[in-house]
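# Chain and residue survey
One letter stands for each residue in the lines below.
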Amino acid sequence: VMSNSIILLFLLLPAALPSTQDSEQEACTSGLTFEETMRVGVSFSRSKNHEAALPCLQHATQLRPKNAGARVYLGESMLRLKRWEEAILHLERACELDPTKIVSFLLLGAAA
């Protein structure tokens, strides 16, 4: 028979441990290369976890402000989170940086 304190410990333990998502988000802003940061951010974005993708993609745009791909993914995540003005800002910049990326224009049209 388990005592109440042991049962309580098992119930609280998962909340006390950092989730994998939390540790991946923290990793995005601490020492990863641009490519590694993008890989994690894009993974979150593709799994439709746009809130988790934001810190990674924001960090990627800080590491390489002229990278259109990072701006597209960041703009798309902002769009999916209904953060229209921020989405438009990043998608417009993506269009300027690489006018051949049609997806930038399509997402910008959806955000506008």
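Criteria and thresholds
- Residues numbered from 1 in each chain as written.
- Predicted model: local features only at pLDDT ≥ 70, side-chain atom pairs only at ≥ 80, totals over all residues.
- Heavy atoms only, no water.
- Axes fitted to C-alpha atoms, helices over the stretch in contact; angles between N-to-C directions.
- Helix = DSSP H or I, 4+ residues; strand = E, 2+ residues; numbered from the N terminus.
- Parallel < 35°, antiparallel > 145°, perpendicular 65-115°, else oblique.
- Left-handed = near helix turned anticlockwise from the far one by under 90°.
- Contact = heavy atoms within 4.5 Å.
- Nonpolar A, V, L, I, M, F, W, Y, C, P; charged D, E, K, R; others polar.
- Buried < 20%, exposed > 50% of the residue type's maximum accessible area, 1.4 Å probe, protein only.

### Remarks on the packing of helix α5 (residues 68–80) against helix α7 (residues 102–111)
As a packed pair, α5 and α7 sit with axes 10 Å apart at the nearest point and diverge in direction by 25 degrees. One way to sum up the angle between α5 and α7 is to call them roughly parallel. The chirality of how α5 crosses α7 is left-handed. The segment α5 lies against α7, with V72, E76, L79 and R80 engaging V103, S104, L107, A110 and A111. Grouping the amino acids of the contact of α5 with α7 by side-chain chemistry returns 6 nonpolar, 1 polar and 2 charged.

### Quick notes on unusual backbone geometry
With a phi close to 65 degrees, K48 is a non-glycine residue in the positive phi region. Here K82, not a glycine, exhibits a phi torsion of approximately 60 degrees, which is positive. Here K82 shows up in the loop between α5 and α6 (84–97). K82 sits in the exposed class, given a relative accessible area of 60%.

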